[in-house]
Amino acid sequence: MGEKITITIDGEEYETEPGKYVLDVCKENDIFVPNLCEIDYIDEPFGGCRLCLAEIETERGKEVTTSCDTPVQDGMKVTTDTEEVEKGRKMALELLLSEHTGDCVAPCSLKCPASMDCQGYLAHIANGRPSEATKLVKESSPLAISLGRACFAPCEDGCRRELVEEVISIRQLKMYAAEKDMEEGPWTPEISESTGKEVAVVGGGPAGLTAAYYLRLEGHDVKIFDMMPELGGMMRYGIPNYRLPNELLDKEIEWILDLGIEVETEVEMGEDFALEELRDDYDAVFVGTGAWESWIIPIDGKELPGVMGGIDFLVDDRLGKDIELGEKVVVVGCGNTAMDVARTAVRKDKDVTVAYRRTEQQAPANEEEIEEAKEEGVNFEFLLSPKEILGSEGDGIDKVKCSRMELGEPDESGRPKPVEVPGESSEIEADSVILAIGQQPDLEVLEEQGLEQEDRTLGSNDKFQTNYEDVFTAGDASMGASSIVESTGQAREAAYALDAYLKGELEDYDIPDDFEMPYGYVHQAKVTEDDFADYTDKPRREMPTRSPEERIEDFEPIELGFSDEDAEADAERCLECGCLDRYDCLLREYAEKLGAEQDEYKGDKYQYDVDESHQRVVREPDKCILCGSCVRATEEVHGEGTVQFVERGLKTVVQPAFGDPLSEVDSELIGDLAEACPTGAFEERIKDTKPGPHETVKAGETHCVGCGLTCPAEIRAINGRPVMVKSVEDPVYEGHLCDIGKFDTMVEGDRPSYDEEKFEEAGDILDGADADILISQSVSIEEVEAVENLAEKVGGKLVIPGDIEKSNVDAEELLSSDQIFVEDGVYDVSPIFKSFVNRAKEDGAEIVKSFEELEDGVAIITEDSSKCPDRRVVAHEGANAEGLVDIGSDKLEDSSEVVIVYGREVENVPEDKKIFQLTSEKNEVSESADVVIPLRSWLEKKGSVINSFGEKVNLTPVKATVYPTNEEIIGKIMETF
Amino acid sequence: MVKMKVGYASCGIAAGASEVYEALEKSLKEHDVDVDLDQVGCIGMCHNEPIVEVEDEEGNYKYGNIEEEDVDTLVEKHLIEGNPYEEKLISWPGEEYDYFSKQKKIVLRNSGIIDPESIEEYMERDGYEALEKALQMDPDDIIQKVKDSNLRGRGGAGFPTGKKWEFVKGSEGDEKYLVCNADEGDPGAFMDRSLLEGDPHAVLEGIIIGAYATGATHGYIYCRAEYPLALERLEIAIEKAKEEGFLGEDILGSGFSFDIQIKEGAGAFVCGEETALMNSIEGERGMPDPRPPFPAQSGLFGEPTNINNVETWANIPWIIRNGAEEFSSIGTDASGGTKVFALAGKVERGGLVEVPIGTTLEEIIFEIGEGIEGDNDFKAVQLGGPSGGCLPSEYLDTPVDYETLTEAGAIMGSGGMIVMDEDDCMVNVAQYFLDFVQEESCGKCTFCRVGTKRLLEMLEDFSKGEGSMDDLDKLKEMADKIKKYSLCGLGQTAPNPVLTTLRYFEDEYVAHIEEQTCPAKVCRDLITYEITEDCVGCTQCAQECPVDAISGENGSQHEIDQEICTTCGTCHEVCPVDAVEVD
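Residues numbered from 1 in each chain as written. Chains lettered and ligands numbered in written order. Predicted model: local features only at pLDDT ≥ 70, side-chain atom pairs only at ≥ 80, totals over all residues. Heavy atoms only, no water.

Novice: Run through the overall build of chain B, naming residues and quoting values.
Specialist: When helices and strands are counted, chain B shows 23 helices and 18 strands. Its C-alpha radius of gyration of 26 Å places chain B within 12% of the 25 Å reference for a compact globule of 583 residues. Here the C-alpha coordinates of chain B stretch approximately 85 × 65 × 40 Å along the principal axes. Scored against the burial criterion, the 583 residues of chain B give a buried share of 60%. Summarising the internal contacts of chain B: among those between residues at least 6 apart in sequence, 71% fall at separations of at least 24. In chain B, the 47 positive side-chain charges and the 118 negative ones have mean positions that sit 7 Å from each other. (Helix = DSSP H or I, 4+ residues; strand = E, 2+ residues; numbered from the N terminus. Rg over C-alpha atoms; globule rule 2.2 N^0.38 Å. Buried < 20%, exposed > 50% of the residue type's maximum accessible area, 1.4 Å probe, protein only. Contact = heavy atoms within 4.5 Å. Lys, Arg positive; Asp, Glu negative; His and termini not counted. Charge placed at Lys NZ, Arg CZ, Asp CG, Glu CD.)

Novice: Could you give an account of the sheet that holds strand E34 (residues 858-862) of chain A, naming the residues involved and the relevant values?
Specialist: Pairing between sheet strands relies on hydrogen bonds along the backbone, with the strands arranged either parallel or antiparallel. All names here are of chain A. One open sheet accounts for four strands, arranged E33-E32-E34-E35; its pairing is parallel. Because the sheet does not close on itself, it has two edges, and the strands there are strand E33 (846-848) and strand E35 (872-875). Adjacent strand axes in the sheet meet at a mean angle of 25° when their direction is disregarded. Across the sheet, helix H30 (residues 832-842) touches strand E32 (819-822), E33, E34 and E35, and the angle it forms with E32 is around 155°. (Pairing = 2+ DSSP bridges. Axes fitted to C-alpha atoms, helices over the stretch in contact; angles between N-to-C directions.)

Novice: Outline the sheet that holds strand E11 (residues 351-356) of chain B, supporting the account with residue identities and numerical values.
Specialist: Residues and elements named next belong to chain B. The strand order across the open sheet built from five strands is E11-E10-E14-E12-E13, with neighbouring strands paired in mixed fashion. Whereas interior strands pair on both sides, the edge strands pair on one side only; in this sheet they are E11 and strand E13 (389-392). In this sheet, adjacent strand axes meet at a mean angle of 30° when their direction is disregarded. Pairing of strand E12 (residues 378-383) with strand E14 (residues 416-421), which is carried by five bridges, proceeds in the antiparallel orientation. Within E14, the position partnered with valine 381 by the bridge is valine 419. Of the strands in this sheet, strand E10 (338-345), E11 and E14 touch helix H9 (residues 191-198), which is tilted by about 115° from E10. Seen against the sheet, helix H15 (residues 361-368) touches E10, E11, E12, E13 and E14 and runs at an angle of roughly 115° to E12.

Novice: How would you summarise the interface of chain A and chain B if you had to cite specific residues and measurements?
Specialist: At the interface, 36 residues of chain A touch 32 residues of chain B. On inspection of chain A and its partner chain B, the count reaches five salt bridges. Across the pair Glu600(A) and Lys474(B) runs a salt bridge whose closest N-O atoms are separated by 3.6 Å. Here chain A and chain B share 17 residue pairs in polar contact (both at pLDDT 80 or more) between them. Elements with a contribution of two residues or more to the side of chain A that touches chain B: helix H2 (83-98) and strand E24 (644-646) of chain A. Residue classes in the side of chain A that touches chain B are distributed as 17 nonpolar, seven polar and twelve charged. (Salt bridge = Lys/Arg side-chain N within 4 Å of Asp/Glu carboxyl O. Polar contact = N/O pair within 3.5 Å; in protein donor to acceptor, adjacent residues only side chain to side chain. Nonpolar A, V, L, I, M, F, W, Y, C, P; charged D, E, K, R; others polar.)

Novice: Got a sec to walk through helix H11 (residues 228-243) of chain B? Specific residues and values, please.
Specialist: The periodicity of an α-helix, 3.6 residues per turn, causes residues three or four places apart in sequence to face the same way. All names here are of chain B. For H11, built from 16 residues, the straight-helix expectation of 22 Å at 1.5 Å per residue is met to within 8% by its first-to-last C-alpha distance of 23 Å. Of all the positions in H11, only Leu229, Ala230, Leu231, Arg233, Leu234, Ala237, Ile238 and Ala241 are classed as buried. Glycine 245 lies just past H11 and shows a positive phi near 85°. (Expected span 1.5 Å × (residues − 1).)

Novice: Explain the pairing of E13(B) to me, and be specific about the residues and the numbers.
Specialist: Residues and elements named next belong to chain B. Residue alternation in E13 divides its side chains into two sets, Gly389 and Leu391 and Cys390 and Pro392, and both sets are buried. The pairing of E12 with E13 spans four bridges and is classified as antiparallel. Note on E13: the bridge partner recorded for glutamine 382 is cysteine 390. Counting the residues that bridge the hairpin from E12 to E13 gives five residues, and of these glycine 384 lies at a positive phi of roughly 80°.

Novice: Mind laying out the packing of helix H14 (residues 336-347) of chain A against helix H15 (residues 367-375) of chain A, listing which residues take part and the relevant values?
Specialist: Residues and elements named next belong to chain A. Axis separation between H14 and H15 bottoms out at 10 Å; the angle between their running directions is 20°. As the angle between them shows, H14 and H15 are arranged roughly parallel. Judged by the twist between their axes, the crossing of H14 over H15 is left-handed. Along the contact surface, H14 presents Asn336, Met339, Asp340 and Arg343, while H15 presents Glu369, Ile370, Glu372 and Ala373. Of the residues in the contact of H14 with H15, the class split is three nonpolar, one polar and four charged. (Parallel < 35°, antiparallel > 145°, perpendicular 65-115°, else oblique. Left-handed = near helix turned anticlockwise from the far one by under 90°.)

Novice: Before we move on, could you go through the packing of aromatic side chains and cite the residues and values that matter?
Specialist: Residues and elements named next belong to chain A. Taken as a whole and assessed by the stated rule, the structure comprises 38 aromatic pairs over all chains. The ring centre of tryptophan 255 lies 3.5 Å from the NZ or CZ of lysine 138, which sits over that ring. Positioned above the aromatic ring of phenylalanine 977, the side-chain terminus of lysine 793 is 4.6 Å from the ring centre. (Phe/Tyr/Trp six-rings, centres within 6.5 Å; stacked < 30°, edge-to-face > 60°. Lys NZ or Arg CZ within 6 Å of the ring centre and 35° of its normal.)

Novice: Any chance you could break down unusual backbone geometry for me, citing the residues and the numbers?
Specialist: Note the cis peptide between Arg291(B) and Pro292(B), where omega equals 0°. Along the chain, Pro292(B) falls in the loop between helix H12 (274-281) and strand E9 (305-309). With an omega of 0°, the peptide bond between Pro292(B) and Pro293(B) qualifies as cis. Within the chain, Glu576(A) stands out as a residue other than glycine whose phi angle is a positive 55°.

Novice: Could you give an account of the side chain of Ser948(A), naming the residues involved and the relevant values?
Specialist: Residues and elements named next belong to chain A. Mapped onto the secondary structure, serine 948 falls in the loop between strand E39 (943-946) and strand E40 (952-955). Within polar-contact distance, the side chain of serine 948 engages the backbone nitrogen of histidine 876 at 3.3 Å. The residues contacting serine 948, other than those within four sequence positions of it, are Gly708, Leu709, Ser807, Val809, Val873, Val874, Ala875, His876 and Glu882.

Novice: Give me the lowdown on the nonpolar core, citing residues and values where you can.
Specialist: Of all hydrophobic cores here, the largest spans 89 residues; its most connected members are Leu36(A), Leu93(A), Phe682(A), Leu475(B), Val498(B) and Tyr509(B). In contact with Leu36(A), not counting residues within four places along its chain, are Cys49(A), Leu51(A), Leu93(A), Leu96(A), Leu586(A), Leu587(A), Tyr590(A), Ile625(A), Cys627(A), Ser629(A) and Pro678(A). In this structure, Ala178(A), Trp255(A), Ala284(A) and Leu575(A) belong to the second largest nonpolar core, which totals 82 residues. (Core = buried A, V, L, I, M, F, W, Y, C linked by side-chain atoms within 4.5 Å.)

Novice: Account for the environment of Ile260(B), naming residues and giving values.
Specialist: All names here are of chain B. In this fold, isoleucine 260 is placed in strand E8 (residues 259-265). When the C-alpha positions of isoleucine 260 and isoleucine 221 are compared, they lie 7.3 Å apart, and in sequence the two are 39 residues distant. Discounting chain neighbours no more than four positions away, the residues touching isoleucine 260 are Ile207, Gly219, Tyr220, Ile221, Ile238 and Leu247.

Novice: Account for the confidence of the model for chain A, with residues named and values stated.
Specialist: Of the residues in chain A, 98% have a pLDDT of 70 or more, and the chain-wide mean is 92. The low-confidence segment residues 514-520 of chain A, where pLDDT is below 50, has 21 contacts with residues more than four positions distant or belonging to other chains. (pLDDT = per-residue confidence, 0-100.)

Novice: For the pattern of salt bridges, give the residues involved together with the corresponding values.
Specialist: Residue and element names in this part refer to chain A. Within this structure, the stated rule accounts for 104 salt bridges over all chains. Ionic pairing is found between aspartate 221 and arginine 216, a salt bridge with its closest N-O pair at 3.6 Å. Among the residues examined, arginine 216 registers a relative accessible area of 14% and is labelled buried. The shortest N-O distance in the salt bridge between glutamate 576 and lysine 690 comes to 2.8 Å. On the criterion of sequence distance, the pair formed by glutamate 576 in the loop between helix H21 (564-572) and helix H22 (586-594) and lysine 690 in the loop between strand E26 (682-684) and strand E27 (697-703) is long-range, its members being 114 residues apart. For lysine 690, a relative accessible area of 6% puts it in the buried group. Salt bridges linked by common partners bring Arg243, Asp340, Arg343, Arg347, Glu369, Glu372, Glu375, Glu376 and Arg551 together as one network.

Novice: With reference to specific residues and values, describe the pairing of strand E38 (residues 931-934) of chain A.
Specialist: All names here are of chain A. Side chains Val931 and Ile933 project from E38 onto one buried face, and the interleaved Val932 and Pro934 project onto a second face that is buried too. Direction of pairing for strand E37 (residues 914-919) relative to E38: parallel, over a ladder of four bridges. Looking at E38, one finds that threonine 919 is bridged to proline 934.

Novice: Can you break down the environment of Pro621(A) residue by residue, with the values?
Specialist: Residues and elements named next belong to chain A. Following the sequence through the fold, proline 621 ends up in the loop between strand E23 (617-619) and helix H23 (629-638). Put simply, proline 621 and phenylalanine 916 are 295 residues apart on the chain and 49 Å apart in space, counted from C-alpha to C-alpha. Once residues lying within four places of it in the same chain are set aside, the contact partners of proline 621 are Tyr608, Asp609 and Val653.

Set out below in structure tokens:
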């Protein structure tokens, strides 16, 4: 090297070396240039995706071209953001999107107004982790219990399981998880450091509580003002106890308030305080005052005594007011409120008729609600439109006169419009009429406070800001009467906008796409029953409920709750429609960034089957964008790709040889395919029953102990549980990790239980006995010292398997060697050795076929090599084989009565002796061992090993644990005899 | 002795040359006539195949469209009676066929004349003289000579050959390779095949000279497996050249060694692209790589590689023998020599044509090709296969050279020349070529793999009368970006047929989109067939209709049920009285 050249990118000068490509320099300097087919550790550009366009000017002229394959030249000028460049990139991306099929996010989530990750929490439930499910729900709304009980569950409308047999009970599963979490001591979030800002929240209903929660989490001081005696708003006063029990609502609200939120109840804006005062006293105000006024239709007789609004009725009832209700009650309307009204009236032993001008199918109420109301004895009159309430001021209501309706042409909502059948009318006898046709905010109050209106609601801009810059709004006040889930979803976004305002960042704040247009990109073509023809029917688990006869006697909850088994079984039915690569799909990231439209170019797509044969990697060719990274990454290690391109034109596909399923592919680099894939064509799934997908976070970096190579590895965790192992970019190891490391060694297995009594049992065995110790090669130097002490005390030998030779050549020397011989069996220890050999070969090393041909080169030999050349790297099977060489002997004493087996990878354990095993993971030995004591796993312990290059490598714990250290365990054992 | 030659290239064989040859052998035996009967390569007159030549003391007689049953008559008349078989005669001494008189044969000079399997016949016509001469020259002088000749790559791109050789010679490598690109894949192109079938030694001689000049020690001829005859004759040629010492160790005692092997391609169009071709030779999937590095710097197995097309190689011996000046005096200032074209389509006399570069399209199509078949008018000519473009009649006076064609939106390409008349729909033509290319895309780069497919789908919509003028703008935009941003030549040229038909025949596109009509009456979704009063009720159409859409009594006018009709046009074709009209 040495020679330096200068190129200009977007007006800035950068120094670089010849031999590099323009994209390299952009990457090194964090200049955004999208690219999907470049692999950092592979020098030759591929040039397939065509996304990395840039305008490049040399003395030969200016042209827009790909930057990945344009070598840098002194004096070159690069512009990465011209209109032409952006157009070209966008088109490339849109073309890729036009052949990419799949769902970024499952349809249930897309249907959820609060954008909840339904697939994600169902997965946690299926995996037996209700508390983690609840935590996930609470990323979208703190009202997990309320929603679990009383959400209208639009998610279930999106559920594709219906194409198999029945939808998943998504709402009831949320209910199960949330209540279980609450029972077992609820998960509680951490609150950010105090910002010193104060926010007043007016209204303690779904919107107010949600806003208060997320604002509190951001570290603001929050106080809720509510006009009612208790918080909860419509959840408390609009929804009857049999649907959302007070007791549970109280717990949920208490849990929110316990985060340090202040409350003042029975104070009403406009009566007890003015908005102006709050604006003076607080840094910002959130108005979530809801919609408490019933709509009264202009109908003759509406002023008669016995006519009331639906919500007024429900609120008064909740407040325990004495309501004069006649025997015959007519409820007008068929929404969820109307159902709540009718079913409340039934519980007061009244004769209830619901009159609705459209048909049952068109009714806005949930099917389930109508069904249950019918079971409870509510009468329904569909296609009947109340025209007049007959009666007198003195005698009250007599009847309701209605017109018979029939369905006509579709109206604005797309539903057929009910039209009167001329001359046909009908009368329903009534003592009370409850008009449950809608609600609206109290506009008068809002107006008095100086807030502007819009469409009979409180007006706000697209950042939820009202005409006062410091006043934000969401929920029913801003949308008109809506559902809990709509209010809570909107309030969450409003809270984040308000938070941005408080931080002075509102101007740059974008409401995330996942709210405006949920999660951006969906690519699935139309899905039909045929797509699920292979699935076995597993009908949904029925939620146990009280019988209609029983439940109309009181207001106690109808739903009794799922058992763990039912909940897990139902959640397991989830089809996992959403992409496993949801959290790190580069295609989606770019699509959002470049504003690419998935349907700009439409046309043929080829559909292939999903290959789920491999335990940990799923292959979905429909999502492949042919970047070839998987082919090249594995080719770089193996010399040939684990998968290959086949076919031509748009039919081109990447697949294993002969289209074999992944499980049958003879390669230890299946995980590498997923790591290389920038999108969801090869996806890694975690070991659980349901993979989620969940966002993982980096728990830390350590080294794989699968063999003597000790490749660097990153451990990723979900809620503190390590679940995934990823390769680490490294100059020596590049970015590979074989399947042994990714899926086996570094993933924790089932640990034996920790029990103090076991120590005594161990002491009994060891006391006075002759004992040898069989130790695994994958044990740290520090542990070895402790085990040596133990060996001394028991007077036995410390035995390591086999005759272990030491390496005397390091990685650098191997890579720069002129000649290399690789003994058979080395690649079985780790295929990554092949990567070293291939790189050396690229740098000119000759690969020879026998020891004899080796003149001045390096041999890579196995542990049981018959020959030990002068310069060698030994492919050790354990991470610390080199560290053990000097201490071990290779044979157990015949005389020893007891064998202590230390470490999980120990083989050839004798059967005729007493076995005392110390291991971090149960295995075959544990089944017959006399005593088993658990050890810390590699993810939990600190220590060092000496690898196959003779280098001392420190391993870092990446997981918190309460277990004693392994050295402490040994110490403890030594005290027992 | 009297010589008889049968044009025995793939084209002749397809027309029945092998049957004719066998019949001739038999007839000569039966008539007990002793002549020297030979199989020769392509004579160049596809329109007259099978062709039999008789060379006697009077001179050369060419007989065209000879069928098996004509053979005895030919033998009896010409060989026994001594009178030419006039009905089949197309050229005779003193009356040379004007098809040839407009041409200038350099690379095809032996094709159709010598037995391609005989090195002796090649050598009789000065074969391997150039090699002997070259081996006595300094390699740099050879390169200079090639540079001076103004020879440019005949594969299509027209890069100056001498300059390329110079790069290869100047590049450092452990070894240097040479490749002959014989992966001719354009539909309608058969120049390279004919040349390899007709005069393989000319190609081989050029290659050996090139290897000596650039220092290559090993060469590959990459030829598609669909050319079995070419492969067979190449193998024979290589074998014979080795026997004669023109190939192998220490060639003609010069100390220079070079060996060559044939690599059969599996027929992927993209393997004509040099980097894809080299990947294929290396045993990898035939996928192009970004350039640079160019093959001259880092090609086959990472070593400097000199890759040239079949026709380019075949020019080399001529240049060495006749001199650079002689060569450059043919053609234009920018480009010396001749170019072989495969003239096909709606032309009266199609075939293999070799003309000086710079000859106009008019001369080729109307003088050599004798214009359009039948009474139709010329509409356009597609140059350069699916990578090329369509030029309308205004461009007939265009001289055929690299620059002029590129400017007009077409390319010289490897030499395909397809003539179209007024019955050809330009939307359909564009669709045809694009369909070919998108199927042949290697799948590597986005613009080519997905872009060409989407482009095709838009054309398909247009041909169904679907789509809008906005879509037409979108089409242009996309075609433009595919051209600019595709990785290799395949994608970069794929939109050419679309862009040129749009440039010269936009009104046809507009007619499809806005009026839902196909002016040439080709696009099946936009036409209807009607039976006119001229119908005599012969029932032919009703019998042939594949979907039984035609009904009518014997002897009375028939009728087509438009609901059932798939506008396949069979009725139109079979009607003996032209009573089926297309609208």
